[in-house]
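# A structural walkthrough
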Amino acid sequence: MKSNRVKFYTVLIGAFLFNLLFWQEKMGVNTLFYDAFLLTALFSLYPEARPVSTVRWLLAGHLICLAMVLIQNTVISMIAFSITLLLLVAFVQYLHRSAWFAAVSIFENMVFSIPNIFETLQKPSKAERPSRGIGKWIRFLIIPLGLLFIFFLLYVGSNNVFADFSEKIIDKLTSLFFNFFDFVSWDRAGMLILGLFLSTVLLLKSKLGVFSKSEAKLTDILSRKRITLRDRKQGTIYQMLIGLLGKFASGIMALKNINTVGILSLVFLNILLFVVNSIDISYIWFGYRFGDKVNLYEMIHEGTGLLIFSILLAIVVLLLVFRGNLNFYQNNKWLKRAAYAWIFQNGILVISVFLRDYYYIHESGLAYKRIGVIFYLVLVLVGLITVFWKIYKKRTNYFLIRVNAWAVIVLLVVASTIKWDRLIATYNISQHINIVIPVDYMVTLSDEALDILDQNRALLKEHNTLREKQGFKWPYRNDIDQTIDLRIKQFMEQQQAYSWLSWNLSDKQVKDYFSSQTVKK
Amino acid sequence: MSRQFSIALAIWIKSIMLNGFITSFILSITDGPAAFLVGIVVIILGFILTAPLLTIITPAVKASIRLPYTTLASKAWLAFFLMLIAFLFLMAFGIVFGISIQEDFGSSIIIGSLLSVLLATLSVSKSLDNYKIETNASNLV
């Protein structure tokens with residue numbers, strides 16, 4: 001454990017560095033410098049975390065995100081960078097296995113950031129305390145400075161040349177003083193406080209460690225617990241079951257009765273889902289013809305959301321059925337089989353939803369939400385697989401939540417490696433023969449796609465005319481050319497305002513493109 | 001009266017009184033000596049409107065004592081927590097009564113309140129120290 005003084009100065013350096021690197025800048029090469037400082041400080045203050053494998057994996061993911069901030073500079077890469085940094089901090093400072101618990105530990109660091117920083121201000125013990133403190137020097141200087149002041153006034157009064165000379169020096173010092181206050185603005189002071197808060201949260205761990213201690217009590221493997229009737233009666237689910245099943249949900253035969261109810265429910269749900277899946281396989285998987293746009297919009301915008309919700313609800317139902325001791329009930333073989341069948345059928349439903357999304361992208365082009373659906377489906381699929389594993393291997397809900405949180409993080413890191421806006425723009429333009437390009441949406445894509453928009457102005461105008469014939473109205477006051485020109489102007493102005501600290505490859509490429517265009521003109 | 005409640009009460013009373021003085025002092029710079037009357041109104045309204053905040057201040061005092069930190073760090077946490085509560089309360093109050101914090105009156109009240117909460121917490125510093133020592137001693141027993 002490092003001494004408080006080292007911690008305090010590290011936090012202070014972090015605050016000043018944050019202020020210097022990010023003042024009126026965007027995330028770019030400055031992120032690399034700040035991150036290098038943070039990681040060095042973090043692993044020096046908490047060296048025990050260095051060999052932990054989870055920390056190393058998370059560090060790898062975080063470094064990928066950092067590289068993506070420098071190369072891609074997308075919003076998602078910045079979000080992924082920030083999230084992986086916070087998680088890495090929590091995993092370095094505390095003993096965690098779950099990202100959820102790590103996230104709340106960071107929240108704990110935030111709540112206790114004030115006492116954490118004040119703790120480092122604690123005076124060192126007598127043995128550590130330096131023999132000559134600043135207070136001692138102040139006492140030494142009082143008499144000499146007092147004498148200096150008195151004699152200075154005497155010489156100013158008696159010597160005109162010295163008076164002129166000292167007046168010039170005082171004027172210089174006064175202007176320096178006021179210039180300093182012009183330089184240090186209130187906004188900058190606020191930024192310094194923000195940097196201090198951020199550095200404290202990232203570098204100093206809370207002394208409570210509440211969530212680290214609570215997680216230590218949790219395990220992945222479900223164990224059979226003897227629950228007294230009194231404790232069971234206090235549970236909400238028990239009360240609900242009593243309300244619905246009456247005496248069947250209580251007494252010695254309760255487990256057997258709940259098992260029967262579970263089997264019946266899952267069999268009915270399986271039959272219902274079988275019918276839905278059969279229709280989907282027949283119409284969506286093999287019977288869909290491109291160009292038949294009658295119900296496509298309705299099928300995607302209303303159908304997809306409801307289907308995803310039904311799959312999530314299915315996971316919740318399975319978790320409720322397989323809670324507690326029903327996992328250890330000897331005659332639960334059929335209940336498990338029905339659950340596996342339902343999970344499998346929900347997997348088929350995921351494929352059907354994916355196909356709907358695919359058809360929609362094929363017919364109408366790429367957009368954020370359509371890509372979002374794919375990510376969501378991947379996560380739902382992971383969720384279904386982990387639910388199967390939970391039932392099959394008798395795992396706890398903690399295991400389920402833990403593994404799924406890691407799936408989200410992996411997906412976030414993967415998502416940060418792609419320039420989504422550029423991909424959307426390129427794809428939609430490449431498909432201009434098959435689709436009517438959503439021009440009003442295209443002009444809202446981020447700066448990374450500006451050069452593509454500029455290169456395809458004629459095509460965009462042509463497709464906007466097609467859209468207007470379909471009944472869509474151009475929603476902006478400016479026309480397409482004016483909108484793109486305005487975006488380019490704003491981008492170039494922003495770039496001029498940034499220093500080298502905001503450098504990133506993505507902005508450089510777009511900036512170089514427009515600079516060369518200006519030269520050509 | 002429990003120890004934590006008596007400390008909470010002291011912080012609350014001192015904060016309101018100080019707030020009255022500080023607010024009237026800040027306003028008197030811009031609006032003249034008549035602003036001292038505003039201070040009296042602030043004190044009276046403060047006692048009436050902020051009384052429910054005692055239900056938050058008392059457990060906060062207790063929590064600060066139980067934190068496994070040094071007395072300085074615990075007091076700093078309490079001061080900042082109470083300042084945050086005061087700020088949120090004033091923001092809510094401002095929204096309900098349509099007072100903007102950018103106006104002279106609104107900003108004076110906020111600056112005055114935050115400063116007074118900080119000073120009031122510092123003024124009960126010794127009581128907090130003693131309470132913490134007693135609590136730690138009783139826990140050891």
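Nothing here was measured: the structure is a model prediction, and the numbers come from that model.

## Some details on the pattern of salt bridges
All names here are of chain A. Per the stated rule, a full pass over the model turns up 15 salt bridges over all chains. In this structure, the salt-bridge partner of R422 is D451, at a minimum N-O distance of 2.9 Å. Here D451 lies in helix α20 (residues 450-455) and R422 lies in helix α18 (residues 420-430), a separation of 29 residues in the sequence. Across the pair R487 and D447 runs a salt bridge, and its minimum N-O distance is 3.2 Å. Of this pair, R487 sits in helix α22 (residues 480-497) while D447 sits in the loop between α19 (439-442) and α20; the two residues are 40 residues apart in sequence, bridging distant segments of the chain. The class for R487 is buried, based on a relative accessible area of 16%. One connected set of salt bridges, linked through shared partners, spans D454, R457, K461, D481 and D485.

## Some remarks on the interface of chain B and chain A
Interface size, as often reported, equals the accessible area lost upon joining of the parts. Taken together, the contacts link 9 residues of chain B with 12 residues of chain A. Summed over both sides, the interface of chain B with chain A buries roughly 990 Å², with 76% coming from carbon and sulfur. Counting the contacts that link chain B with chain A gives 0 salt bridges. The tally of links between chain B and chain A comes to 5 residue pairs in polar contact (both at pLDDT 80 or more). Across the side of chain B that touches chain A, the residue classes break down as 8 nonpolar, 1 polar and no charged.

## Notes on helix α4 (residues 71-97) of chain B
Each full turn of the α-helix corresponds to 3.6 residues, which orients residues three or four apart in the same direction. Helix length check: α4(B) (27 residues) gives 38 Å between terminal C-alpha atoms against 39 Å at 1.5 Å per residue, within 8%. G98(B) sits one or two positions beyond α4(B) and adopts a positive phi of about 65°.

## So, the layout of surface pockets
In this model, the second largest pocket occupies a volume close to 940 Å³. If you list the elements that add at least two residues to the lining of the second largest pocket, you get α1 (4-22), α5 (99-111), α6 (113-119) and α9 (186-203) of chain A together with α4 and α5 (104-123) of chain B. Element by element, the count of residues in the lining of the second largest pocket is highest for α9(A), at 7 residues. Across the lining of the second largest pocket, the residue classes tally to 21 nonpolar, 3 polar and no charged.

## What to know about the side chain of S98(A)
All names here are of chain A. Structurally, S98 can be placed in the loop between α4 (75-93) and α5. Of the residues examined, S98 reaches a relative accessible area of 2% and is grouped as buried. In contact with S98, not counting residues within four places along its chain, are F91, E215, Y398 and R402.

## Topic: empty space enclosed by the protein
Residue and element names in this part refer to chain B. For the structure shown, the criterion picks out 1 cavity of 30 Å³ or more. The volume enclosed by the largest cavity comes to roughly 40 Å³. Lining the largest cavity we find S64, I65, T71, S74, K75, L128, D129 and K132. Going through the elements one at a time, α3 (54-66), α4 and α6 (125-140) are the ones with two or more residues in the lining of the largest cavity. Residue composition of the lining of the largest cavity, by class: 2 nonpolar, 3 polar and 3 charged.

## Quick word on unusual backbone geometry
All names here are of chain A. Located in the positive-phi region is Q24, a residue other than glycine, with phi close to 55°. For Q24, the position within the fold is in the loop between α1 and α2 (29-45). For Q24, a relative accessible area of 58% corresponds to the exposed category. Phi angles above zero are rare outside glycine, and N73 is one such case at about 55°.

## A short note on the confidence of the model for chain B
Of the residues in chain B, 88% reach a pLDDT of 70 or more, and the chain-wide mean stands at 84. When mean pLDDT is taken per element in chain B, α3(B) scores highest with 92 and α6(B) scores lowest with 82.

## Considerations on the environment of L366(A)
Residues and elements named next belong to chain A. By secondary structure assignment, the location of L366 is in the loop between α15 (333-364) and α16 (368-392). For the pair L366 and D421, spaced 55 residues apart in sequence, the C-alpha separation works out to 9.6 Å. When near neighbours in sequence (up to four residues on either side) are disregarded, L366 contacts I361, I371, L423, I424, Y427, N428 and Y441.

What counts as what
- Residues numbered from 1 in each chain as written.
- Chains lettered and ligands numbered in written order.
- Predicted model: local features only at pLDDT ≥ 70, side-chain atom pairs only at ≥ 80, totals over all residues.
- Heavy atoms only, no water.
- Salt bridge = Lys/Arg side-chain N within 4 Å of Asp/Glu carboxyl O.
- Helix = DSSP H or I, 4+ residues; strand = E, 2+ residues; numbered from the N terminus.
- Buried < 20%, exposed > 50% of the residue type's maximum accessible area, 1.4 Å probe, protein only.
- Contact = heavy atoms within 4.5 Å.
- Buried area = accessible area lost by both parts, 1.4 Å probe.
- Polar contact = N/O pair within 3.5 Å; in protein donor to acceptor, adjacent residues only side chain to side chain.
- Nonpolar A, V, L, I, M, F, W, Y, C, P; charged D, E, K, R; others polar.
- Expected span 1.5 Å × (residues − 1).
- 1 Å grid on protein atoms, 1.4 Å probe; cavity = no way out; pocket = protein on both sides within 12 Å on 5 of 7 lines; lining within 4 Å.
- Points joined across faces, edges and corners; volume = space filled by probe spheres on them.
- pLDDT = per-residue confidence, 0-100.

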